[in-house]
Amino acid sequence: MHPSLTTANTQGTLAKTGPSGSFAEDLMILQRLRTETRPHHDRLDNHPLMVQLMSPAVSRPLYESILKKFLGFYQSVEPHLAAFDHWPSLDINLKEKLKTPSLLRDLSSLNVMAKDIPSSPAPDWIHDEASAMGNFYVMEGSTLGGQIITRHVASRLHLSPDNGLAFFSSYGDAVGVRWKETRDALVRFAEQSHAEDVMIESAKKTFEALATWLDKN
Ligand code: HEM
């Protein structure tokens, strides 16, 4: 069934609705996620580590320390996403989306020991499917900025997706297609659950937790 033709009724089961109401809802969750988390995204963009990463002077040690930081965050958060089993109903193969494996691959390519890398605190803001979806939005959205980071780091540090840049290059040429899958899943979930506020709150908390984690030495 096309996602924009479904919505949840008071019993929580799916019912058909007219396309015009659904269209408004489609716009609403995606627009709200983008606009309401924009200050959080800006804070990350302007984080000293991200600024140094995108500077012409980016160094291999800095890049490696950022990969370790991201590993600490993703290895803490991703198991909490995997604890929910609604993903297949949204046509999401979560296993394909997890980034911990590519971070480990990058560190191994760069001969950096990945053992004993500290994890960020457990994501206590992920407590249900809606909060998992808000978190998922942030983790997947990062693949968009990842394309810019990939081009920059590839040219400055002479790395490639097969050699140290697997995490930031994520899905390669398929980033756009994968992002569309994520957007469709977010819309479908919002229509079914009417839990937009929880999704957005969780997306904000995810951005905040990552920024706080990057702040820590
Ligand atoms: C220097 C670091 C970063 C840069 C330069 C950057 C840049 C970008 C760009 C260019 C877009 C696409 C905007 C559009 O198509 O309209 C984007 C989207 C996004 N980025 Fe980043 N990004 C960075 C870091 C991150 C990080 C670390 C995260 C989260 C872990 C993140 C999360 C997102 C999200 C969720 C979106 C989707 C926004 C939407 O709803 O359209 N970004 N970013």
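Preceding block: the structure.
Note that the structure is predicted; figures quoted are calculated from it, not measured.

A. Structural detail: the nonpolar core. Leu 53, Tyr 63, Phe 70, Trp 87 and Phe 168 are the most contacted members of the largest nonpolar core, which totals 59 residues. For this core, the secondary-structure elements that each account for two or more residues are helix 1 (19-36), helix 3 (48-53), helix 4 (60-82), helix 6 (100-109), helix 7 (129-157), helix 8 (166-169), helix 9 (175-193) and helix 10 (196-215).

B. Structural detail: the packing of aromatic side chains. Under the counting rule described, the total for this entry stands at nine aromatic pairs. Measuring from ring centre to ring centre gives 5.2 Å for Tyr 74 and Phe 167, while their planes differ by 80°; the resulting arrangement is edge-to-face. Taken together, the positions of Tyr 74 in helix 4 and Phe 167 in helix 8 put the pair 93 residues apart, joining distant regions of the chain. On the basis of relative accessibility, which here comes to 2%, the residue Tyr 74 falls in the buried class. Of the residues examined, Phe 167 reaches a relative accessible area of 5% and is grouped as buried. Through a chain of ring-to-ring contacts, three or more aromatic side chains come together here, namely Tyr 63, Phe 70, Phe 73, Tyr 74, Phe 167 and Phe 168. Its end group placed over the ring of Trp 213, Lys 69 keeps NZ or CZ at 4.2 Å from the ring centre. Sitting above the plane of the Tyr 171 ring, Arg 178 keeps its charged end 5.4 Å from the centroid.

C. Main features of the environment of Pro 121. Its location among the elements puts Pro 121 in the loop between helix 6 and helix 7. Accessibility expressed as a relative area gives 60% for Pro 121, which makes it exposed. Separated by 45 residues in the primary sequence, Pro 121 and Ser 76 have C-alpha atoms spaced 7.0 Å apart. For Pro 121, the residues in contact, after removing those within four places along its chain, are Ser 76 and Trp 213.

D. Molecular detail of the site of the ligand. Taken together, the neighbourhood of the ligand is formed by 17 residues, with Arg 34, His 41, Asp 45, Tyr 137 and Ile 148 sitting nearest. A distance of 2.9 Å separates a nitrogen atom of the ligand from a polar side-chain atom of His 41. Tyr 137 is positioned such that a nitrogen or oxygen atom in its side chain is 2.5 Å from an oxygen atom of the ligand. Every element with two or more residues in the shell around the ligand is listed here: helix 2 (38-45), helix 7 and helix 10.

E. Focus on the coordination of the iron atom of the ligand. The protein gives the iron atom of the ligand a lone donor atom, His 41 (NE2), placed 2.1 Å from the metal. Checked against the element boundaries, His 41 lands in helix 2.

F. Just helix 6, in detail. Within helix 6 the residues assigned to the buried category are Thr 100, Ser 102, Leu 103, Asp 106 and Leu 107. When helix 6 is viewed along its axis, its buried side chains cluster within an angular range of 165° and face the same direction. Those residues of helix 6 that are buried are in contact with helix 4 and helix 8. Phi for Asn 111, located one or two positions after helix 6, is positive at around 60°.

G. How the structure looks around the environment of Ala 114. Structurally, Ala 114 can be placed in the loop between helix 6 and helix 7. Sequence separation between Ala 114 and Lys 68 is 46 residues; the distance between their C-alpha atoms is 7.5 Å. Beyond its immediate chain neighbours, meaning those up to four positions away, Ala 114 contacts Leu 71, Leu 104 and Leu 107.

H. Examining unusual backbone geometry more closely. Positive phi, close to 60°, is recorded for Asn 111, a residue that is not glycine. By the secondary structure assignment, Asn 111 is in the loop between helix 6 and helix 7. According to the relative accessible area criterion, Asn 111 is exposed, its value standing at 71%. Residue Asp 116 is not a glycine yet carries a positive backbone phi of 65°.

The rules behind these values
- Residues numbered from 1 in each chain as written.
- Predicted model: local features only at pLDDT ≥ 70, side-chain atom pairs only at ≥ 80, totals over all residues.
- Heavy atoms only, no water.
- Core = buried A, V, L, I, M, F, W, Y, C linked by side-chain atoms within 4.5 Å.
- Buried < 20%, exposed > 50% of the residue type's maximum accessible area, 1.4 Å probe, protein only.
- Helix = DSSP H or I, 4+ residues; strand = E, 2+ residues; numbered from the N terminus.
- Phe/Tyr/Trp six-rings, centres within 6.5 Å; stacked < 30°, edge-to-face > 60°.
- Lys NZ or Arg CZ within 6 Å of the ring centre and 35° of its normal.
- Contact = heavy atoms within 4.5 Å.
- Near = heavy atom within 4 Å.
- Polar contact = N/O pair within 3.5 Å; in protein donor to acceptor, adjacent residues only side chain to side chain.
- Donors = N, O, S within 2.8 Å, 3.2 Å for Na, K, Ca; no water.
- Arc of directions from axis to C-beta.

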